[in-house]
Amino acid sequence: CTSSRSPSHSFSFLQRSQQLKHSAWLAPAVHRLNSSLPVNIGVLFVPQQEAWVVERMGKFHRILEPGLNFLIPLLDRIRYVQSLKEIVINVPEQSAVTLDNVTLQIDGVLYLRVLDPYKASYGVEDPEYAVTQLAQTTMRSELGKLSLDRVFRERESLNANIVDAINQASDCWGIRCLRYEIKDIHVPPRVKESMQMQVEAERRKRAMVLESEGTRESAINVAEGQKQAQILASEAEKAEQINKAAGREANAMLVKARAKAEAIQLLAAALAQQHGSAAASLSVAEQYVNAFSKLAKDSNTLLLPANTGDVTNMVAQALGIYTTLTKPQAVKTQDEVPPAQEDTQPPATEVLKAEQASSS
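Residues numbered from 1 in each chain as written. Predicted model: local features only at pLDDT ≥ 70, side-chain atom pairs only at ≥ 80, totals over all residues. Heavy atoms only, no water.

What's the story with the packing of helix H4 (residues 127–143) against helix H6 (residues 155–170) in this structure? I'm lost.
Geometrically, a packed helix pair is captured by the angle between its two axes and the distance between the axes. Relative orientation of the contacting elements H4 and H6 amounts to 135°, with a least axis distance of 9 Å. Considering their axes alone, H4 and H6 lie oblique with respect to each other. You can see that H4 and H6 cross each other, and the crossing is right-handed. Packed against H4, whose contacting residues are Val-131, Leu-134, Ala-135, Thr-138, Met-139, Glu-142 and Leu-143, the element H6 presents Leu-158, Asn-161, Ile-162, Ala-165, Ile-166 and Ala-169 at the interface. Across the contact of H4 with H6, the residue classes tally to 10 nonpolar, 2 polar and 1 charged. (Axes fitted to C-alpha atoms, helices over the stretch in contact; angles between N-to-C directions. Helix = DSSP H or I, 4+ residues; strand = E, 2+ residues; numbered from the N terminus. Parallel < 35°, antiparallel > 145°, perpendicular 65-115°, else oblique. Left-handed = near helix turned anticlockwise from the far one by under 90°. Contact = heavy atoms within 4.5 Å. Nonpolar A, V, L, I, M, F, W, Y, C, P; charged D, E, K, R; others polar.)

Rendered as structure tokens:
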């Protein structure tokens, strides 16, 4: 009874599983299963990274490990062959709506591995098809939580959330989802144009901001440079004035003072010689006449004495002033009172009168 029932049942199962895979565009998964199950001849060699599920009289018996295995013909039958290698499944393109109501077309790649051949054989009818459908629904639900901008920025977190959701549901199937990768994200043309315009506007904004910051920094640098230049110029001018005052001008004043002192000494020595007073009187008279001649040249105001034509009187007045200034004063005793001043008073009065006459 078992031998008459099993061939048709296994053929119908393979045919139904292949139809489901073709309907889900899972062409690579069809090659994972053998076209026909191995025949029990008593002695079997299981390849590496494969697990053969054996049923004895229609009930699960054991899982054959890679290598040499022995089975009882007619009683034991190989029911499922599970590959323990990593399986790559292409998730077909599907539409999803983001949080900001943008429709996207997204496809991906799913990487699986069978950890428990028993659960993968008896826990679900078609584990690959179930995981693929779970990946599609999880992707749509995760995309609905994100806006369009976050979808592009958080692709890694989106992949991790999809893997976690698949593993929570596929634990009872004996399948482990290793990773999920989004291949392409297709945006509607209008949304793409809007994104390009946004990018261009953002680039222009950054360019204008950078240009304004550059202009501001340039103006600040120029103002700072002018400030430093003025400070340095003022400090240089101050130092120059200090150096001039402490150096050249001070030395010039000292030289002038020394020259004047030497001139005074020479003049005093000359006056002390014989006929020195006469020479001094002649010099004073010449200077008086020269000064009087320059009165009309230096200003519009002309001052003339009453006796302009009397040159002799003018020279006599000049000599009288000089004689009064150079007249030696007599030695006064402590008891003498103002008489000495009375002797000198008339010449001073004459000097004042002479000055008033010249000024009038």
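Where do I start with the sheet that holds strand S2 (residues 50–56) in this structure?
Strands pair in a sheet through their backbones, by hydrogen bonds, and they do so in one of two ways: parallel or antiparallel. Here 3 strands make up an open sheet; going across it, the order is S3-S2-S5 and the pairing antiparallel. Only two strands of the sheet have a single neighbouring strand rather than two, namely strand S3 (59–64) and strand S5 (76–83). In this sheet, adjacent strand axes meet at a mean angle of 30° when their direction is disregarded. Examined bridge by bridge, S2 and S5 share 7 bridges and lie antiparallel to one another. Its bridge partner being in S5, Glu-55 is matched across the sheet by Arg-77. (Pairing = 2+ DSSP bridges.)

In this structure, what is going on with the nonpolar core? I would like to understand it.
Side chains of a nonpolar character, in soluble globular proteins, are inclined to be buried together. Core analysis: the largest hydrophobic core is formed by 32 residues, its most contacted members being Leu-104, Leu-110, Ile-166 and Tyr-180. Top element by residues in this core is H4. It accounts for 6 residues. Those residues within four positions of Leu-110 in sequence are excluded, and the remaining contacts are Ile-87, Val-88, Ile-89, Val-91, Val-131, Ala-135, Ile-166, Cys-177, Arg-179 and Tyr-180. Among the nonpolar cores identified, the runner-up in size contains 8 residues, and Trp-52, Leu-64, Ile-78 and Val-81 belong to it. (Core = buried A, V, L, I, M, F, W, Y, C linked by side-chain atoms within 4.5 Å. Buried < 20%, exposed > 50% of the residue type's maximum accessible area, 1.4 Å probe, protein only.)

Looking at this model, I keep getting lost on the pairing of S2. Mind explaining?
It is a general feature of regular strands that their side chains alternate between the two faces of the sheet. Taken across its 7 residues, S2 has 5 buried, putting it largely inside the fold. Inspection of the sheet shows S2 paired to S3 by 5 bridges, in the antiparallel sense. Paired with Val-53 across the strands is Ile-63, a residue of S3. Connecting S2 to the next strand, S3, in antiparallel fashion are 2 residues, including Met-57 with a positive phi near 55°.

Where do I start with the packing of helix H7 (residues 189–246) against helix H8 (residues 248–272) in this structure?
Their axes nearest at 3 Å, the elements H7 and H8 cross at an angle of 20°. As summarised for this structure, H7 and H8 are arranged roughly parallel, according to the angle between their axes. In this structure, H7 uses Asn-243, Lys-244, Ala-245 and Ala-246 to contact H8, whose residues at the interface are Arg-248, Glu-249 and Ala-250. Here the residues of the contact of H7 with H8 are counted per class, giving 3 nonpolar, 1 polar and 3 charged.

Even after reading the chapter, I still don't get the packing of aromatic side chains, so can you show me in this structure?
How two aromatic rings sit relative to each other is set out by the distance from centre to centre and by the angle between their planes. Overall, the coordinates contain 4 aromatic pairs when judged by the stated rule. Between the aromatic rings of Phe-60 and Tyr-118, the centroid separation amounts to 4.8 Å while the plane-to-plane angle is 65°, which identifies the pairing as edge-to-face. Highlighted residues: Phe-60 in strand S3 and Tyr-118 in helix H3 (residues 117–122), separated in sequence by 58 residues. With a centroid separation of 5.1 Å and 45° between ring planes, the pair formed by Tyr-118 and Tyr-122 is classed as tilted. One end of the pair, Tyr-118, and the other, Tyr-122, are both in helix H3, 4 residues apart, so they sit about a helical turn from each other. Overall, Tyr-122 belongs to the partly exposed group, its relative accessible area being 33%. Connected via pairs of aromatic rings, a cluster forms that spans Phe-60, Tyr-80, Tyr-118 and Tyr-122. A cation over a ring is seen here: Arg-179 above Tyr-111, with NZ or CZ 4.3 Å from the ring centre. (Phe/Tyr/Trp six-rings, centres within 6.5 Å; stacked < 30°, edge-to-face > 60°. Lys NZ or Arg CZ within 6 Å of the ring centre and 35° of its normal.)

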